[in-house]
Amino acid sequence: MSSENSSADDVRQVWDVVVVGAGPAGASAAYAAAVAGRRVLLLEKAELPRYKTCGGGIIGPSRDSLPPGFDLPLRDRVHAVTFTHNGRFARTRRSRHTLFGLVNRPEFDQALVEHAQKAGAELRTGVTVQRVEQHGSAVPDRRCVALVLQGGETVLARAVVGADGSASRIGAHVGVKLGQVDLGLEAEIPVPETVAEDWKGRVLIDWGPMPGSYGWVFPKGDTLTVGVISARGEGAATKRYLEEFIGRLGLAGFEPSISSGHLTRCRADDSPLSRGRVLVCGDAAGLLEPWTREGISFALRSGRLAGEWAVRIAEAHDAVDTRRQALNYAFAVKAGLGVEMSVGKRLLTAFERRPGLFHAVLTGFRPAWKAFMDITRGTTTLAEIVRTHPMAHRALSALDRRQAPAGEQPTP
């Protein structure tokens, strides 16, 4: 509990930090604030554990962002990747070391929340935030934020972290702007042991028929997570792609235990990350890698940063200091995750036009496969490769030039 809060705060039940949303971003934010000794409340509208549409791949940056002592509930460890281009030209690349791990999101998210609770955060589930107020009768002083819950209850906080997903109410309050929206469809397919054994330790990535689309198969014991993603507005085509994908894999005869869909939303470059004493992170901030739409590592990393800076905002005594800390948070996000997103956007644009080239390079050019392995293991990032490897920089710059409209300069 914060030592600087007065006893009056306790009477009025003013929390140091309230985090809205108990996914990876929210749990990470709650842990970071709680481990700093602050009084933290974690709000979640669902009951836990709950299913989330997600492949559940845990790459190196995700693993490295987990709290100390966290035991990953892995369902499989990936050592091989089969790449196909719209079901054709299959080639499998293998690694002697684990590339990444696979988890079931309900188990993973629950474990993260429990870690935050052990650090001192308090959890309330079945709670929906209706609106956020930083001024008005519900706010007792300028150092408070009021969260009005469904049913009329008001929760007060010195700082709020919005981690309530891609359709975030907190994001709407902050004014998050989106630059890319995609539709992901997924099926959890229980399979016999003989089928499961064939997929053990191996994933499939298929570059799809629509621009920017791809599909995946992630094995998790006796269940295969099969999904596809493409730009929003192609709903019928995306559904058809998933059905044909499952059929090509010989899995159409197995009944999915869960079929679900989800919109992923990627922030615009000028989208805000804060408003007053409210920060946003993870999907609520539109933070994910634009090409692969990988979001877990972005959620964990931005969540930790949001929790750390929420503590500083909770300690701020005036608007100037609050603004300074919020700007520092935004700088930290943009300097790391923002740079990775910028490179990801460039790669997505190139991939939309030349998926066959990407397939040929990844499956036939050893340095590209090595880069893939290094990125998934977390020893480097897309941005770092483009910055430090002259060949990668020249290749991406060449693709930029081919794609830039007449008179427009590509991103340096």
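Draft legend 1. Summary view of the nonpolar core. Membership of the largest hydrophobic core comes to 69 residues, with the highest contact counts inside it found for Phe 108, Leu 147 and Tyr 329. In terms of residues, this core owes the most to one element, helix 8 (residues 296–315), which gives 11 residues. Apart from residues lying up to four places away in sequence, Leu 147 is in contact with Val 18, Val 20, Leu 43, Val 129, Arg 131, Val 132, Glu 153, Thr 154, Val 155, Val 160 and Ile 170.

Draft legend 2. View of the environment of Thr 53. Within the fold, Thr 53 resides in the loop between strand 2 (40–44) and strand 3 (57–58). Once the C-alpha coordinates of Thr 53 and Gly 227 are considered, the two residues, 174 residues apart in sequence, prove to be 9.2 Å apart. Excluding anything up to four places from it in sequence, Thr 53 contacts Gly 184, Glu 186, Ser 260, Gly 261 and His 262. Among the polar contacts made by the side chain of Thr 53, one reaches the side chain of Ser 260 at a distance of 2.7 Å.

Draft legend 3. Structural context of unusual backbone geometry. Cis rather than trans, the peptide bond between Leu 48 and Pro 49 has omega equal to -5°. The residue Pro 49 is located in the loop between strand 2 and strand 3 in this model. For Asn 86, which is not glycine, the phi torsion reads 50° and is therefore positive. Mapped onto the elements of the fold, Asn 86 is located in the loop between strand 5 (80–85) and strand 6 (88–94).

Draft legend 4. Region of the structure containing the sheet that holds strand 14 (residues 214–220). Pairing in this open sheet of 7 strands is mixed, and the strands run 6-5-13-14-15-12-16 from one edge to the other. Since the sheet does not close on itself, it has two edges, and those belong to strand 6 and strand 16 (258–267), each with one partner. Between one strand axis and the next, the sheet turns through 20° on average, direction left out of account. Summarising the sheet, strand 14 and strand 15 (residues 223–231) pair through 7 bridges and their orientation is antiparallel. Bridge assignment links Val 217 to a residue of strand 15, and that residue is Val 226. Helix 7 (residues 235–248) rests against strand 12 (178–190), strand 13 (202–207), strand 14 and strand 15 of the sheet, and its axis sits at about 150° to strand 15. Helix 9 (residues 319–353) contacts strand 12, strand 13 and strand 16 of the sheet and is inclined by roughly 110° relative to strand 16.

Definitions and limits used
Residues numbered from 1 in each chain as written. Predicted model: local features only at pLDDT ≥ 70, side-chain atom pairs only at ≥ 80, totals over all residues. Heavy atoms only, no water. Core = buried A, V, L, I, M, F, W, Y, C linked by side-chain atoms within 4.5 Å. Buried < 20%, exposed > 50% of the residue type's maximum accessible area, 1.4 Å probe, protein only. Helix = DSSP H or I, 4+ residues; strand = E, 2+ residues; numbered from the N terminus. Contact = heavy atoms within 4.5 Å. Polar contact = N/O pair within 3.5 Å; in protein donor to acceptor, adjacent residues only side chain to side chain. Pairing = 2+ DSSP bridges. Axes fitted to C-alpha atoms, helices over the stretch in contact; angles between N-to-C directions.

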